[in-house]
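# Structural description and commentary
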Amino acid sequence: MIKRLLLLTVLSVYCFSNISAQNSDFNSGALSGGQLHGDFLLDAQYYVKDKAINAQELPQGAGMNAYGNFNYTAGNFKAGMRLESYEPALLGFDRRYDQTGITFRYAQYFNDQLDITVGNFYEQFGNGLTLRAYWEWYLGLDNNIDGIRVHYKPIPGIILKGIIGRQRFYFDQSPGVVRGLDGEFSINDIVSSFNESKTRIIIGGSFVSRYQEDRNSTLILPENVANFAGRINLSRGGFNLNAEYAYKVNDPSTINQNSYSSGDALLVNASYTGNNFGASIGMKRWDNMDFRSDRAATGFDLFINYQPALTKQHTYRLSSLYSYPTVPQGEMAIQADVFYNIKRGTFLGGKYGTNIAINTSLVNDIPRTPTGDSLRNDYVSDFFEIGDEVFYRDINVEISRKLSRKFKFTGSVIRQIVNYVFQPATLSGDALKVKSWIGIMEGTYSYKVNDKRYTSRLELQVLTTKQDFGDWFTGLFEQTLTSHWYITALGEYNYGNPNADRRNLYLSGAVGYRKDTYSIKLGGGRQRGGFLCVGGICRPVPENTGVTLTLASSF
């Protein structure tokens with residue numbers, strides 16, 4: 001298996017070096033006037049036995065996720081394709097990915113008014129409450145639509161969209177067909193009396209439906225399910241308000257346990273940005289709005305719409321250990337952010353100024369009152385009432401300050417309460433509710449030696465909790481060696497695990513090289529288990545030990 005990885009690495013570097021070298025020849029050859037661009041990424045890992053952490057392995061010994069995008073543009077025409085290879089997929093990815101094939105191909109014609117795409121495409125209507133087709137490579141999520149998409153701008157200020165097709169389902173397609181229309185209208189561009197107004201107004205609306213044949217022998221399932229929404233965006237100076245309401249007709253599915261109740265969602269975000277100050281507040285109500293192109297789909301398969309998480313998207317290792325994914329059955333959430341920059345030259349601001357950021361999120365269940373029809377699993381829910389069950393609480397305080405021309409410091413204190421009672425599959429351990437305190441310090445030191453710039457970065461993190469696996473400590477160090485080479489070292493210690501035999505140390509390191517649009521990184525060590533979350537959607541990452549290789553390039 002090691003030989004296979006080495007061979008693949010050599011071939012990848014060779015092929016893409018040649019593509020880059022030949023690109024200029026291609027553009028001046030038979031297809032003159034056009035341009036070919038693309039990008040390539042390969043993530044591979046060779047797994048080794050590690051009984052101390054019960055590390056998982058693949059029967060093949062190694063796994064590999066890779067893709068290559070190729071896009072050709074000539075005038076008003078564009079076409080492209082993406083080939084993906086999982087031979088086999090890395091641990092944590094669905095085994096239905098274990099193959100190689102073309103997962104995205106399209107042809108597109110566009111001008112100032114009309115844009116037509118046939119084949120695969122991504123699309124979003126409004127905030128995505130009715131439709132969002134997108135790609136998150138590291139989650140293994142790709143719900144692109146294979147069909148036809150049309151964008152039309154009849155006059156300035158009006159954008160009309162229409163789509164129809166089936167969604168990607170690993171290397172297959174969804175059983176349901178997705179159809180949708182969307183219109184967006186800029187009042188300031190359409191109505192002459194608003195042309196010079198400082199208040200900018202955009203309104204929009206969308207309608208999306210799914211058709212799926214009813215083959216259920218005991219229930220009468222709706223074959224056509226509609227989801228429609230209206231939205232508005234107001235802005236004036238530093239103030240912005242965005243609101244969208246969506247309503248979905250009854251859609252019995254595996255996720256809602258065949259409930260015939262309708263669903264609705266409200267998402268409101270308001271923000272203000274001024275001198276040295278910014279603030280935002282968001283509110284979300286979500287009730288039975290899980291909408292997929294297969295009513296039997298679970299996990300993050302075949303989402304038609306987007307289920308946004310109204311919580312802070314943590315990026316540090318320990319603050320993201322207990323991430324909160326959206327509860328698809330329903331929730332009520334509020335999030336607020338405040339940013340303030342203390343001016344430089346003041347007592348609190350120091351010589352270079354100080355930034356303070358405070359964020360808090362509150363998420364509760366919504367109340368449900370059964371109607372008594374157990375066969376249809378119907379219920380009603382008061383739109384303005386908040387349920388008693390607490391899903392999530394956090395408050396984050398972060399201070400960042402440049403202490404000198406060379407050194408910058410960031411410190412954070414976080415209080416988190418996460419309740420997984422309605423989504424235990426997302427939990428890494430046994431506890432259904434985890435309360436934790438998290439402290440983070442980060443320092444970055446930039447300096448020059450013989451006119452060459454170097455950067456050292458150190459992160460120290462600690463998480464304390466009495467639930468699940470107990471206390472953790474994490475240290476991360478990064479160092480640039482030259483303008484192209486760098487090294488990283490990561491250590492995580494579960495020193496507070498209630499089981500003394502499971503107080504494991506996870507050490508890993510990597511060396512990387514970056515130049516122009518190419519990069520390569522070779523690493524190795526232990527990887528603790530947990531969940532990788534992006535935008536409220538999470539993928540499990542099992543404990544493992546091995547050697548990793550990442551190649552990336554664009555041309």
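In what follows, the structure referred to is the one given above.
Okay, so let's go over this structure.

Secondary structure assignment for the protein chain yields two helices and 32 strands. Taking 24 Å as the expected radius of gyration for a compact globule of 555 residues, we find that the protein chain reaches 26 Å, a close match to that expectation. Expressed as lengths along the three principal axes of its C-alpha atoms, the size of the protein chain is roughly 65 × 65 × 60 Å. Across the 555 residues in the protein chain, those meeting the buried criterion constitute 47%. When contacts within the protein chain are restricted to residue pairs at least 6 apart in sequence, those whose partners lie at least 24 apart make up 59%. Across the protein chain, the centroid of the 56 positively charged side chains sits 8 Å from that of the 52 negatively charged ones.

We now examine the pattern of salt bridges. Two side chains carrying opposite charge are able to pair once their charged atoms lie near each other. Inspection of every chain in the model, using the stated rule, returns 27 salt bridges. Of the charged contacts, one joins Glu 84 and Arg 82 as a salt bridge, the two residues approaching to 2.9 Å between their closest N and O atoms. The exposure classification of Glu 84 matches that of Arg 82, with both residues buried.

This part is about the environment of Ala 246. In this structure, Ala 246 sits in strand β15 (residues 239-248). Taking the C-alpha atoms as reference, Ala 246 lies 20 Å from Thr 311; in sequence the two are 65 residues apart. Setting aside residues up to four positions removed in sequence, Ala 246 forms contacts with Leu 129, Asn 227, Phe 228, Ala 229, Gly 263, Asp 264, Ala 265 and Met 289.

Here we take up unusual backbone geometry. Cis geometry marks the peptide bond from Glu 87 to Pro 88; its omega dihedral reads -15 degrees. Mapped onto the elements of the fold, Pro 88 is located in the loop between β3 (77-86) and β4 (100-110). Positive phi outside glycine occurs at Asp 451, with the angle close to 65 degrees. Its location among the elements puts Asp 451 in the loop between β24 (433-449) and β25 (452-465). Classification of Asp 451 as exposed rests on a relative accessible area of 75%.

The pairing of β3 with β4 spans nine bridges and is antiparallel. Looking across to β4, one finds that Phe 77 is bridged to Tyr 109. Judged from the five bridges that link them, β4 and strand β5 (residues 114-121) form a sheet pairing that is antiparallel. Bridge assignment links Tyr 109 to a residue of β5, and that residue is Ile 116.

This brings us to the packing of aromatic side chains. All told, the structure shown has 21 aromatic pairs when counted by the stated rule. Judged by centre distance (5.8 Å) and plane angle (65 degrees), the ring pair of Phe 104 and Tyr 106 falls under edge-to-face. Each of the two residues, Phe 104 as well as Tyr 106, counts as buried. Taking NZ or CZ as reference, Arg 132 lies 4.3 Å from the ring centre of Tyr 306, over its face. One residue, Lys 402, lies across the ring of Tyr 352, its end atom 5.4 Å from the ring centre.

Right, let's get into the nonpolar core. Residues Tyr 322, Tyr 324 and Leu 463 are the most contacted members of the largest nonpolar core, which totals 29 residues. Elements with a minimum of two residues in this core: β16 (263-274), β22 (390-402), β23 (407-419) and β24. Top contributing element to this core by residue count: β24, with three residues. One finds Tyr 86, Ala 89, Leu 91 and Phe 93 within the second-largest nonpolar core, a separate group that totals 12 residues.

What follows covers a nonpolar patch on the surface. Together, Met 441, Leu 458, Leu 460, Val 462, Phe 473, Phe 477, Tyr 493, Tyr 495, Leu 505 and Leu 507 make up a nonpolar patch on the protein surface, roughly 810 Å² of accessible area in all. Of all the secondary-structure elements, those providing two or more residues to the nonpolar patch are β25, β26 (472-480) and β28 (505-515). Of all the elements, β25 adds the most residues to the nonpolar patch, at three residues. Note on placement: Leu 505 falls in strand β28. With a relative accessible area of 41%, Leu 505 lands in the partly exposed category.

When you line up the elements, Leu 522 lands in strand β29 (residues 518-527). You can call Leu 522 partly exposed: its relative accessible area is 44%. Taking the C-alpha atoms as reference points, Leu 522 and Thr 100, 422 residues apart in sequence, are found 24 Å from one another. Filtering out sequence-adjacent residues up to four positions away, Leu 522 remains in contact with Gly 509, Ala 510, Val 511, Val 547, Thr 548 and Leu 549.

The rules behind these values
For every chain, the first residue of its written sequence is number 1, and the numbers climb from 1 along that sequence. Local features are withheld for residues below a pLDDT of 70 in this predicted model, meaning they are given only at 70 or higher, and side-chain atom pairs are given and counted only at 80 or more; totals for whole chains, interfaces and linings count all residues. In computing side-chain properties, one takes all heavy atoms of the structure into account and sets aside hydrogens as well as water. Helix and strand assignments come from DSSP, with helices taken as H or I runs of at least 4 residues and strands as E runs of at least 2, each series counted from the N terminus. Atoms counted for the radius of gyration: C-alpha only. Globule rule: 2.2 Å times residue count to the power 0.38. Only protein chains enter the accessibility calculation, which uses a 1.4 Å probe; a residue is then buried when its area is under 20% of its type maximum, exposed when over 50%, and partly exposed in between. In this analysis, two residues are considered to be in contact whenever any of their non-hydrogen atoms come within 4.5 Å of each other. For the purpose of charge, His is not counted, nor are the chain termini; Lys and Arg are scored as positive and Asp and Glu as negative. To locate a charge, take NZ of a lysine, CZ of an arginine, CG of an aspartate or CD of a glutamate. Every case where a carboxyl oxygen of Asp or Glu lies within 4 Å of a side-chain nitrogen of Lys or Arg is listed as a salt bridge. The criterion for strand pairing is that DSSP finds at least two bridges linking the strands in question. Any pair of Phe, Tyr and Trp rings, taking the six-membered ring for Trp, is counted once the centres come within 6.5 Å. Such a pair is stacked with planes under 30 degrees apart, edge-to-face with planes over 60 apart, and tilted for the rest. Over a ring means this: the NZ of a Lys or the CZ of an Arg is within 6 Å of the ring centre and within 35 degrees of the ring normal. As used in this record, nonpolar core signifies buried Ala, Val, Leu, Ile, Met, Phe, Trp, Tyr and Cys residues forming a set joined through side-chain atoms within 4.5 Å. Patch definition: residues with relative accessible area over 30% and no salt bridge; like charges joined within 9 Å; nonpolar side chains (Val, Leu, Ile, Met, Phe, Trp, Tyr) joined within 5 Å. Computed with a 1.4 Å probe, the accessible areas rest on the Shrake-Rupley method; for each residue, only the protein chains presented here act as cover.

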